[in-house]
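# Fold and geometry: a report
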Amino acid sequence: MSGVCQEDMIALCDSRRSPREAFEAIARRHMKDAYFIALGLVGNQEDALELSQEAFYRAYKHYDQLVSKGKFFPWFYQILRNLCFSHLRKRRIRRADSLDDEDAGRPEPQMPDSFDPGMIAERNEAKDRVWNAISRLDEKHREVIILRHFQNMSYEEMSKVLFCNKGTVTSRLFYARQRLKEILDHQSGSPSAETGMWGRQEGGQTQ
Amino acid sequence: MTCQDHKDLMMAYLDDELNQEQRRTFEEHLASCPDCTRELKEFRKLKQMTDCVAFVEPEDRIWDQYWNNVYNRVERCTGWVLFSVAAIALFVYGGFKLIESVIQDPTVGLLMKIGLLALLGGLVILFVSVLRERVYFWTKDRYKDVRR
């Protein structure tokens, strides 16, 4: 993603293109990133497509408000994440509303219904467990995991799209990974003090 | 520096984001701290596991249709705006003409005329009230001031 800003500027400065064509060129450049980020945040293809396309539509509508055209992606990312987080909030509210007294006593599902395990390529038990654990992270922690591990963004790039400094990115990533580790520990049924999936031995000794 | 101070360095070390000096400092700390060494090993394994997970690439037709779907939204929005404005204008004009003809009609009773004017006044008040509410929420739109 390092050359993205420059390429966006080139697309915009091309006088042979109409504004719509210039925006289309930028949208085509970023559509896969937008889709995969949305997929990581909301967990299924249908919603990810819908939300990422809606984000491009809103970006197109408000494109004249973007002062520095070279900074398209961080600006667009804010629209996309707000849409995804808002969608997740609505989904939670709908789900809470639909729970009647009979359902209230049931145990919490292993994985949120909307997170489709079929979205994982070359599935196996370990990958399913990791995806399951990611789906159970809270939004801000899931976001940094997706940006770092699935989008391969550097800390510098993450700090730009999240509008924070690198220290905040590092710290958020630390807590996200720590939480992910706890969830995986919990899933595998190995409390942290015992021999777990991390190659730990009782008493905290390394293997 | 305490172990807590090294936690942030640990993430950057794991992701190869440290400069040489920071890397050396952290490795010196690791050599003397079994707890951080163990924690780093756990995080490294977690990173390996997470890096192995990849999303399914959608079919090509999804990408082929992607921009068209975005553009369709833009087009439909323009269509709806034009349709709504024209419909409102025609409705208001038609309503005005209808009321005008009723008011000027000498065969229509005074009570009927007053009732019609009261109905019209109520509609105007309702419209202004809803419009004011809409404007208020629009100015508070969360996407309006998205940072750029």
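Bringing the overall build of chain B into the picture now. For chain B, the count of helices and strands is five helices and zero strands. At 34 Å, chain B has a C-alpha radius of gyration far larger than the 15 Å of a compact globule built from 148 residues. Over its C-alpha atoms, taken along the principal directions, chain B stretches across nearly 105 × 45 × 25 Å. Residue burial in chain B is summarised as follows: out of 148 residues, 26% are buried. Approximately 10,600 Å² of chain B is accessible, and the part contributed by carbon and sulfur atoms is 63%. Looking at charge distribution, chain B has the averaged site of its 20 positive side-chain charges lying 8 Å from that of its 22 negative ones.

Right, let's talk about the overall build of chain A for a bit. Along chain A, the regular secondary structure elements total nine helices and zero strands. For chain A, the sequential pattern of α-helices and β-strands runs α-α-α-α-α-α-α-α-α. Across the 207 residues that make up chain A, the buried fraction comes to 51%. Looking at chain A as shown, the accessible area adds up to about 10,200 Å², and 46% of this sits on carbon and sulfur atoms.

All names here are of chain B. Volume-wise, the second largest pocket comes out at about 670 Å³. What lines the second largest pocket is a set of 19 residues, among which Phe91, Val92, Ile99, Leu120 and Leu123 lie closest to the centre. Residue assignment for the lining of the second largest pocket shows that the elements contributing at least two residues are α4 (60–104) and α5 (110–139). When residues in the lining of the second largest pocket are grouped by element, the largest group, 10 residues, is from α4.

Right, let's get into the interface of chain A and chain B. Taken together, the 66 residues of chain A in the interface contact 42 residues of chain B. Interface area for chain A against chain B, summed over the two sides, is near 5,400 Å², with a carbon-plus-sulfur share of 64%. For the interface between chain A and chain B, the tally reads seven salt bridges. Notably, a salt bridge pairs Arg148(A) with Asp15(B), separated by 3.4 Å at the nearest N-O pair. On inspection of chain A and its partner chain B, the count reaches 14 residue pairs in polar contact (both at pLDDT 80 or more). For the side of chain A that touches chain B, the element with the most residues is helix α2 (residues 19–42) of chain A, which contributes 12 residues. Residues of the side of chain A that touches chain B, tallied by class, amount to 35 nonpolar, 18 polar and 13 charged.

Right, let's get into the confidence of the model for chain A. All names here are of chain A. Per-residue confidence for chain A gives a mean pLDDT of 82, with 76% of residues at or over 70. Looking at the elements of chain A, mean pLDDT is at its lowest for helix α5 (residues 101–104), recorded as 55, and at its highest for helix α7 (residues 139–150), recorded as 95. A low-confidence stretch, residues 201–207 (pLDDT under 50), is modelled with 15 contacts involving residues beyond four sequence positions or located in other chains.

Helices that pack against each other are described as a pair by the angle of their axes relative to one another and the distance between those axes. Residues and elements named next belong to chain B. As a packed pair, helix α2 (residues 20–32) and helix α3 (residues 34–52) sit with axes 6 Å apart at the nearest point and diverge in direction by 110°. One element, α2, and the other, α3, form an angle in the roughly perpendicular class. Here α2 contributes Phe26, His29, Leu30 and Ser32 to the contact with α3, which in turn contributes Pro34, Cys36, Thr37 and Leu40. Class assignment of the residues belonging to the contact of α2 with α3 gives a composition of five nonpolar, three polar and no charged.

Take the side chain of Arg148(A) next. Along the chain, Arg148(A) turns up in helix α7. A polar contact is formed between the side chain of Arg148(A) and the backbone oxygen of Met153(A), at a distance of 2.9 Å. Setting aside residues no more than four positions away along its own chain, Arg148(A) makes contact with Met153(A), Ser154(A), Tyr155(A), Met158(A), Leu173(A), Arg177(A), Asp15(B), Glu17(B) and Lys47(B).

This part covers the packing of helix α3 (residues 45–61) of chain A against helix α4 (residues 72–98) of chain A. Residue and element names in this part refer to chain A. Orientation of α3 relative to α4, taken along the N-to-C sense of each, is 135°, at an axis distance of 9 Å. With respect to α4, the element α3 is oriented oblique. Pair α3 / α4 crosses with right-handed handedness. Residue-level contacts link Asp47, Leu51, Ser52, Glu54, Ala55, Phe56, Arg58 and Ala59 of α3 to Phe72, Trp75, Phe76, Ile79, Leu80, Leu83, Cys84, His87 and Arg91 of α4. Of the residues belonging to the contact of α3 with α4, the class tally is 11 nonpolar, two polar and four charged.

Attention now goes to the pattern of salt bridges. Applying the stated criterion across every chain, the model contains 25 salt bridges over all chains. A salt bridge links Glu57(B) to Lys32(A); the nearest nitrogen and oxygen atoms lie 3.3 Å apart. Residue Glu57(B) is found in the loop between α3 and α4, and its partner Lys32(A) is found in helix α2; the two belong to separate chains. You can call Lys32(A) partly exposed: its relative accessible area is 39%. For the salt bridge of Glu143(A) with Arg81(A), the shortest nitrogen-to-oxygen distance reads 2.6 Å.

Definitions and limits used
Residues numbered from 1 in each chain as written. Chains lettered and ligands numbered in written order. Predicted model: local features only at pLDDT ≥ 70, side-chain atom pairs only at ≥ 80, totals over all residues. Heavy atoms only, no water. Helix = DSSP H or I, 4+ residues; strand = E, 2+ residues; numbered from the N terminus. Rg over C-alpha atoms; globule rule 2.2 N^0.38 Å. Buried < 20%, exposed > 50% of the residue type's maximum accessible area, 1.4 Å probe, protein only. Areas by Shrake-Rupley, 256 points an atom, 1.4 Å probe, with all protein chains shown as cover. Lys, Arg positive; Asp, Glu negative; His and termini not counted. Charge placed at Lys NZ, Arg CZ, Asp CG, Glu CD. 1 Å grid on protein atoms, 1.4 Å probe; cavity = no way out; pocket = protein on both sides within 12 Å on 5 of 7 lines; lining within 4 Å. Points joined across faces, edges and corners; volume = space filled by probe spheres on them. Contact = heavy atoms within 4.5 Å. Buried area = accessible area lost by both parts, 1.4 Å probe. Salt bridge = Lys/Arg side-chain N within 4 Å of Asp/Glu carboxyl O. Polar contact = N/O pair within 3.5 Å; in protein donor to acceptor, adjacent residues only side chain to side chain. Nonpolar A, V, L, I, M, F, W, Y, C, P; charged D, E, K, R; others polar. pLDDT = per-residue confidence, 0-100. Axes fitted to C-alpha atoms, helices over the stretch in contact; angles between N-to-C directions. Parallel < 35°, antiparallel > 145°, perpendicular 65-115°, else oblique. Left-handed = near helix turned anticlockwise from the far one by under 90°.

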